Amino acid sequence: MPASDEVDRIVDAWSRERPDIDFTPLQVLSRVDRLARHLDRSRRSAFTSSGLEPWEFDVLAALRRAGDAAQLSPKALLQQTLVSSGTMTNRIDRLVDRGLVERHTDPHDGRGVLVVMTDAGRRQVDAAISVLVAEEAEMLAGLSKADQERLSGLLRKLSLDFD
(Lines give C-alpha, C1' and ligand atoms only; values in the text may rest on other atoms or scores of the structure.)
Protein backbone atom coordinates (compact mmCIF):
# COMPACT_ATOMS: atom_id res chain seq x y z
CA MET A 1 0.00 0.00 0.00
CA PRO A 2 1.38 3.42 -0.92
CA ALA A 3 2.24 6.02 1.69
CA SER A 4 -0.52 8.14 3.15
CA ASP A 5 -1.64 11.18 1.24
CA GLU A 6 -3.46 14.35 2.22
CA VAL A 7 -6.85 12.70 1.69
CA ASP A 8 -5.91 9.97 4.19
CA ARG A 9 -5.06 12.67 6.73
CA ILE A 10 -8.35 14.49 6.10
CA VAL A 11 -10.43 11.31 6.35
CA ASP A 12 -8.57 10.20 9.50
CA ALA A 13 -9.27 13.55 11.15
CA TRP A 14 -12.96 13.46 10.20
CA SER A 15 -13.22 9.84 11.38
CA ARG A 16 -11.90 10.85 14.80
CA GLU A 17 -14.37 13.74 15.01
CA ARG A 18 -17.36 11.96 13.45
CA PRO A 19 -17.00 8.19 13.91
CA ASP A 20 -20.71 7.84 13.08
CA ILE A 21 -20.13 8.66 9.38
CA ASP A 22 -18.68 6.37 6.70
CA PHE A 23 -16.12 8.54 4.87
CA THR A 24 -15.49 6.11 2.00
CA PRO A 25 -16.95 8.55 -0.60
CA LEU A 26 -14.41 11.19 0.50
CA GLN A 27 -11.59 8.71 0.02
CA VAL A 28 -12.52 8.37 -3.64
CA LEU A 29 -13.96 11.70 -4.70
CA SER A 30 -11.60 13.94 -2.75
CA ARG A 31 -8.76 12.27 -4.63
CA VAL A 32 -10.58 12.78 -7.92
CA ASP A 33 -11.07 16.45 -7.01
CA ARG A 34 -7.43 16.95 -6.06
CA LEU A 35 -6.26 15.18 -9.22
CA ALA A 36 -8.64 17.32 -11.29
CA ARG A 37 -6.98 20.45 -9.90
CA HIS A 38 -3.52 19.14 -10.81
CA LEU A 39 -4.82 18.13 -14.24
CA ASP A 40 -6.35 21.56 -14.79
CA ARG A 41 -3.01 23.24 -14.02
CA SER A 42 -1.16 20.84 -16.31
CA ARG A 43 -3.65 21.38 -19.13
CA ARG A 44 -3.51 25.15 -18.80
CA SER A 45 0.28 24.93 -19.01
CA ALA A 46 0.11 22.71 -22.11
CA PHE A 47 -2.33 25.05 -23.83
CA THR A 48 -0.41 28.19 -22.86
CA SER A 49 2.80 26.73 -24.26
CA SER A 50 0.94 26.29 -27.55
CA GLY A 51 -0.51 29.80 -27.48
CA LEU A 52 -4.07 28.78 -26.65
CA GLU A 53 -6.56 29.37 -23.87
CA PRO A 54 -8.34 26.24 -22.58
CA TRP A 55 -11.62 27.29 -24.21
CA GLU A 56 -9.82 27.88 -27.52
CA PHE A 57 -8.38 24.39 -27.33
CA ASP A 58 -11.86 22.94 -26.67
CA VAL A 59 -13.34 24.51 -29.82
CA LEU A 60 -10.32 23.78 -32.02
CA ALA A 61 -10.08 20.20 -30.73
CA ALA A 62 -13.74 19.59 -31.59
CA LEU A 63 -13.06 20.87 -35.11
CA ARG A 64 -9.86 18.82 -35.43
CA ARG A 65 -11.66 15.64 -34.38
CA ALA A 66 -14.28 16.31 -37.10
CA GLY A 67 -11.87 14.92 -39.69
CA ASP A 68 -10.37 16.25 -42.88
CA ALA A 69 -12.98 18.96 -43.39
CA ALA A 70 -12.39 20.31 -39.86
CA GLN A 71 -15.75 22.05 -39.95
CA LEU A 72 -18.80 21.95 -37.72
CA SER A 73 -21.92 23.98 -37.24
CA PRO A 74 -22.08 26.22 -34.19
CA LYS A 75 -24.79 23.87 -32.85
CA ALA A 76 -22.46 20.87 -33.12
CA LEU A 77 -19.75 22.86 -31.35
CA LEU A 78 -22.23 23.72 -28.57
CA GLN A 79 -23.01 20.06 -28.05
CA GLN A 80 -19.34 19.11 -27.83
CA THR A 81 -18.19 21.95 -25.59
CA LEU A 82 -21.25 22.30 -23.32
CA VAL A 83 -21.52 26.09 -23.43
CA SER A 84 -24.43 28.39 -24.19
CA SER A 85 -25.22 29.72 -27.65
CA GLY A 86 -24.13 33.24 -26.71
CA THR A 87 -20.86 31.97 -25.29
CA MET A 88 -20.17 29.95 -28.43
CA THR A 89 -20.88 32.95 -30.67
CA ASN A 90 -18.39 35.00 -28.64
CA ARG A 91 -15.80 32.22 -28.81
CA ILE A 92 -16.16 31.83 -32.55
CA ASP A 93 -15.84 35.62 -33.00
CA ARG A 94 -12.63 35.65 -30.97
CA LEU A 95 -11.18 32.66 -32.85
CA VAL A 96 -12.02 34.36 -36.17
CA ASP A 97 -10.23 37.51 -34.94
CA ARG A 98 -7.15 35.39 -34.15
CA GLY A 99 -7.24 33.74 -37.58
CA LEU A 100 -7.76 30.26 -36.12
CA VAL A 101 -11.21 29.64 -37.65
CA GLU A 102 -13.37 31.09 -40.39
CA ARG A 103 -17.13 31.21 -40.89
CA HIS A 104 -18.41 29.75 -44.16
CA THR A 105 -21.94 29.51 -45.51
CA ASP A 106 -23.26 25.95 -45.23
CA PRO A 107 -23.49 24.68 -48.85
CA HIS A 108 -26.49 22.49 -47.90
CA ASP A 109 -28.38 25.32 -46.17
CA GLY A 110 -27.71 28.87 -47.38
CA ARG A 111 -28.95 30.24 -44.05
CA GLY A 112 -26.60 28.04 -42.03
CA VAL A 113 -23.03 28.65 -41.02
CA LEU A 114 -20.10 26.28 -40.70
CA VAL A 115 -17.09 27.01 -38.55
CA VAL A 116 -13.96 25.92 -40.41
CA MET A 117 -10.53 25.60 -38.84
CA THR A 118 -7.68 27.41 -40.60
CA ASP A 119 -4.20 26.00 -41.13
CA ALA A 120 -2.99 28.20 -38.25
CA GLY A 121 -5.69 26.74 -36.01
CA ARG A 122 -4.70 23.21 -37.00
CA ARG A 123 -1.03 23.88 -36.23
CA GLN A 124 -1.84 25.29 -32.79
CA VAL A 125 -4.27 22.56 -31.76
CA ASP A 126 -1.89 19.84 -33.03
CA ALA A 127 0.95 21.36 -31.00
CA ALA A 128 -1.27 21.62 -27.92
CA ILE A 129 -2.53 18.02 -28.08
CA SER A 130 1.05 16.72 -28.43
CA VAL A 131 2.16 18.60 -25.31
CA LEU A 132 -1.03 17.66 -23.45
CA VAL A 133 -0.74 13.93 -24.09
CA ALA A 134 2.95 13.94 -23.10
CA GLU A 135 2.21 15.77 -19.83
CA GLU A 136 -0.73 13.52 -19.02
CA ALA A 137 1.36 10.42 -19.72
CA GLU A 138 3.89 11.77 -17.24
CA MET A 139 1.13 12.26 -14.65
CA LEU A 140 0.15 8.59 -15.06
CA ALA A 141 3.70 7.22 -15.17
CA GLY A 142 3.37 5.82 -11.64
CA LEU A 143 0.66 3.41 -12.80
CA SER A 144 1.22 0.34 -14.93
CA LYS A 145 -0.59 0.13 -18.26
CA ALA A 146 -2.97 -2.43 -16.70
CA ASP A 147 -3.68 -0.09 -13.76
CA GLN A 148 -4.30 2.80 -16.15
CA GLU A 149 -6.79 0.68 -18.12
CA ARG A 150 -8.50 -0.50 -14.92
CA LEU A 151 -8.76 3.07 -13.60
CA SER A 152 -10.08 4.28 -16.95
CA GLY A 153 -12.76 1.59 -16.90
CA LEU A 154 -13.82 2.44 -13.35
CA LEU A 155 -13.98 6.17 -14.11
CA ARG A 156 -15.96 5.45 -17.29
CA LYS A 157 -18.42 3.35 -15.28
CA LEU A 158 -18.80 6.16 -12.76
CA SER A 159 -19.20 8.89 -15.37
CA LEU A 160 -21.80 7.14 -17.56
CA ASP A 161 -24.64 8.43 -15.38
CA PHE A 162 -23.45 12.01 -15.88
CA ASP A 163 -22.91 11.91 -19.65
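Residues numbered from 1 in each chain as written. Predicted model: local features only at pLDDT ≥ 70, side-chain atom pairs only at ≥ 80, totals over all residues. Heavy atoms only, no water.

1. Here's the deal with the packing of helix H1 (residues 6-17) against helix H2 (residues 24-49)
Here is step 1: At a minimum axis separation of 10 Å, H1 and H2 run at an interaxial angle of 140 degrees. Here H1 lies oblique to H2, going by the angle between them. At the point where H1 passes H2, the crossing takes the right-handed sense. Across the interface between the two elements, Glu-6, Val-7, Asp-8, Val-11 and Trp-14 from H1 touch Leu-26, Gln-27, Ser-30, Arg-31 and Arg-34 from H2.
Here is step 2: Partitioned by chemical class, the residues of the contact of H1 with H2 number four nonpolar, two polar and four charged. (Axes fitted to C-alpha atoms, helices over the stretch in contact; angles between N-to-C directions. Helix = DSSP H or I, 4+ residues; strand = E, 2+ residues; numbered from the N terminus. Parallel < 35°, antiparallel > 145°, perpendicular 65-115°, else oblique. Left-handed = near helix turned anticlockwise from the far one by under 90°. Contact = heavy atoms within 4.5 Å. Nonpolar A, V, L, I, M, F, W, Y, C, P; charged D, E, K, R; others polar.)

2. Examining the UniProt feature "domain: HTH marR-type" (unreviewed entry) in the protein
Here is step 1: Listed under "domain: HTH marR-type" (unreviewed entry) in the UniProt record, and renumbered for this structure, are residues 25-160.
Here is step 2: Along residues 25-160 the backbone is 69% helical and 12% strand, and the end-to-end C-alpha distance reaches 18 Å. (UniProt positions renumbered as here; feature names shortened; annotations may be inferred.)

3. Points about the pattern of salt bridges
Here is step 1: Inspection of the entire model under this criterion finds twelve salt bridges.
Here is step 2: The residue Asp-93 makes a salt bridge to Arg-103 at a minimum N-O spacing of 2.5 Å. In this pair, Asp-93 sits in helix H5 (residues 85-97) while Arg-103 sits in strand S2 (residues 101-106), placing the two residues ten residues apart along the sequence.
Here is step 3: Here Arg-103 falls in the partly exposed class, since its relative accessible area comes to 39%.
Here is step 4: We note a salt bridge from Asp-147 to Arg-150, for which the minimum N-O separation is 2.3 Å. Here Arg-150 and Asp-147 lie together in helix H7 (residues 145-159), a separation of three residues that amounts to about one turn.
Here is step 5: Since its relative accessible area comes to 30%, Asp-147 is described here as partly exposed. (Salt bridge = Lys/Arg side-chain N within 4 Å of Asp/Glu carboxyl O. Buried < 20%, exposed > 50% of the residue type's maximum accessible area, 1.4 Å probe, protein only.)

4. Here's the deal with the pairing of strand S3 (residues 109-117)
Here is step 1: In this sheet, S3 lies alongside strand S1 (residues 71-72) in antiparallel orientation, the contact comprising two bridges. Paired with Leu-72 across the two strands is Val-115, which belongs to S3.
Here is step 2: Relative to S3, S2 runs antiparallel, the two being bridged by six bridges. Looking at the pairing, Arg-103 lines up with Val-115 of S3. (Pairing = 2+ DSSP bridges.)

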